[in-house]
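Each chain is listed here by its residues.
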Amino acid sequence: MATSMIEQTWQRDADCRGAQREYFFPPAAGERRDQRERREQRAKAVCAECPVRAPCLDYALARNETHGIWGGRTELERQRLAAAATR
Ligand code: SF4
């Protein structure tokens, strides 16, 4: 319960709420590599200014999120962070 309330607190301050949400997850119809790279750069630019970047990344790492940009990191970048943390 307490954890849930904390999550709701930081998510309220997320810069990716609203119209920019489409940058953070791939479209259902798929995308070319160049489209993915452009989309991810747009998402990362939003994350770079986001006041809750650290708790967002912690949240994604703790839950092993496998999709989307969280805390300014792609899925692959989060996998590398998690692997490095276990070494
Ligand atoms: S760090 Fe990025 S993904 Fe996380 S809440 Fe902020 S804008 Fe959204």
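Relevant structure appears above.
The text that follows walks through the structure, step by step, so that each part is easy to find. (Residues numbered from 1 in each chain as written. Predicted model: local features only at pLDDT ≥ 70, side-chain atom pairs only at ≥ 80, totals over all residues. Heavy atoms only, no water.)

### Let's talk about unusual backbone geometry
Phi is mostly negative for residues that are not glycine, and the peptide bonds are mostly trans.
Here is step 1 of the chain: The backbone of Asn64 sits at a positive phi, close to 50°, despite the residue not being glycine.
Here is step 2 of the chain: Of the residues examined, Asn64 reaches a relative accessible area of 57% and is grouped as exposed. (Buried < 20%, exposed > 50% of the residue type's maximum accessible area, 1.4 Å probe, protein only.)

### What to know about the site of the ligand
Here is step 1 of the chain: Around the ligand there are 13 residues in total, and Ala14, Cys16, Cys47, Cys50 and Cys56 lie nearest to it.
Here is step 2 of the chain: At the level of elements, α2 (33–48) and α3 (53–62) are the ones that each hand at least two residues to the shell around the ligand.
Here is step 3 of the chain: Each residue belonging to the shell around the ligand can be placed in one class, and the counts come to 11 nonpolar, 1 polar and 1 charged. (Near = heavy atom within 4 Å. Helix = DSSP H or I, 4+ residues; strand = E, 2+ residues; numbered from the N terminus. Nonpolar A, V, L, I, M, F, W, Y, C, P; charged D, E, K, R; others polar.)

### A word on the environment of Ala84
Here is step 1 of the chain: Note that Ala84 resides in helix α4 (residues 75–85).
Here is step 2 of the chain: The exposure class of Ala84 is partly exposed, given its relative accessible area of 42%.
Here is step 3 of the chain: The spatial distance from the C-alpha of Ala84 to the C-alpha of Cys16 is 27 Å, given a sequence separation of 68 residues.

### Here we look at the pattern of salt bridges
Here is step 1 of the chain: One pass over the structure, following the stated rule, counts 6 salt bridges.
Here is step 2 of the chain: In this structure, Glu31 and Arg39 form a salt bridge, with 2.7 Å as the shortest nitrogen-oxygen distance.
Here is step 3 of the chain: Using a relative accessible area of 9% as the deciding quantity, one classes Arg39 as buried.
Here is step 4 of the chain: As a salt-bridge pair, Glu37 and Arg33 come within 3.0 Å of each other at their nearest N and O atoms. Pair noted here: Glu37 and Arg33 are both in helix α2, with a separation of 4 residues, about one helical turn.
Here is step 5 of the chain: Bridged by salt links that share partners, the residues Arg32, Asp34 and Arg38 form one connected network. (Salt bridge = Lys/Arg side-chain N within 4 Å of Asp/Glu carboxyl O.)

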